[in-house]
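# Summary of structural features
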Amino acid sequence: MALEITDATFEEVVLKSAQPVVVDFWAEWCGPCKMLGPTIEELAGDFEGKVVVGKVDVDANQDFASQYGVRNIPTVLIFQNGEVVGRQVGVAPKQTYVDALTKLL
């Protein structure tokens, strides 16, 4: 299951992670975000133990969304060693995320 990441936990969970991290910036009211949700949950299961998969509710946690220039949601950022190495704005097929993550492992 994807982790709920907040502004308070972002640095520890994402930036200091030894594993690659997928962060889905989303909001409850966002239709495309709801479409992407099951894909994010599948990635969490598929890559368990290899990749950290989390979600940031941008309505409640705006600091890091702003810092990373998230203007449209859903936006999925992929981090490795505290740096953004991938960005997908909008809904993409699951394979898009799988391919990006597989390259990092």
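Definitions and cut-offs
- Residues numbered from 1 in each chain as written.
- Predicted model: local features only at pLDDT ≥ 70, side-chain atom pairs only at ≥ 80, totals over all residues.
- Heavy atoms only, no water.
- Salt bridge = Lys/Arg side-chain N within 4 Å of Asp/Glu carboxyl O.
- Buried < 20%, exposed > 50% of the residue type's maximum accessible area, 1.4 Å probe, protein only.
- Helix = DSSP H or I, 4+ residues; strand = E, 2+ residues; numbered from the N terminus.
- UniProt positions renumbered as here; feature names shortened; annotations may be inferred.
- Contact = heavy atoms within 4.5 Å.
- Core = buried A, V, L, I, M, F, W, Y, C linked by side-chain atoms within 4.5 Å.
- Phe/Tyr/Trp six-rings, centres within 6.5 Å; stacked < 30°, edge-to-face > 60°.

### Considering the pattern of salt bridges
A full pass over the atoms with the stated rule returns 4 salt bridges. With its nearest N and O atoms 3.8 Å apart, the salt bridge here joins Lys16 to Glu12. Here Lys16 and Glu12 have matching classes, each one exposed. A salt bridge links Lys94 to Glu42, with the shortest nitrogen-to-oxygen separation between them at 3.0 Å. Of the two residues, Lys94 is situated in helix α4 (residues 94–104) and Glu42 in helix α2 (residues 31–46); the sequence distance between them amounts to 52 residues. Owing to a relative accessible area of 40%, Glu42 belongs among the partly exposed residues under this scheme. When salt bridges with common partners are traced through the structure, they connect Glu42, Asp46 and Lys94 into a single cluster.

### Points about the UniProt feature "active site" (unreviewed entry) in the protein
Here, UniProt's "active site" (unreviewed entry) annotation points to Cys30 and Cys33. For Cys30, a relative accessible area of 4% translates into the label buried. Ignoring anything within four residues of it in the chain, the contact list for Cys30 reads Ile73 and Pro74. For Cys33, the residues in contact, after removing those within four places along its chain, are Trp26, Ala27, Ile73 and Pro74.

### With respect to the nonpolar core
Counting 19 residues, the largest nonpolar core has Phe10, Val14, Val23, Phe25 and Phe79 as its most contacted members. Sorting the residues of this core by element identifies α1 (10–15), β2 (21–26), β3 (52–57), α3 (63–67) and β4 (75–80) as the ones contributing at least two each. Here this core takes 4 residues from β2, the largest share from any one element. Aside from chain neighbours lying at most four places away, what touches Val14 is Ile5, Thr9, Val21, Val23 and Phe79. Of all hydrophobic cores here, the second largest spans 15 residues; its members include Ala2, Ile40, Phe47 and Val76.

### A look at the packing of aromatic side chains
Within the structure shown, the criterion is met by 5 aromatic pairs. With centroids separated by 6.0 Å and ring planes inclined at 35°, the aromatic side chains of Phe10 and Tyr68 adopt a geometry described as tilted. Remark: Tyr68 occurs in the loop between α3 and β4 and Phe10 occurs in helix α1; sequence separation between them is 58 residues. The burial state of Phe10 is the same as that of Tyr68; both residues are buried. Measuring from ring centre to ring centre gives 5.8 Å for Phe10 and Phe79, while their planes differ by 80°; the resulting arrangement is edge-to-face. Remark: Phe79 occurs in strand β4 and Phe10 occurs in helix α1; sequence separation between them is 69 residues. Take Phe10 and Phe79: they sit in the same class, and that class is buried. Taken together, the aromatic side chains of Phe10, Phe25, Phe64, Tyr68 and Phe79 make up a single cluster linked through ring pairs.

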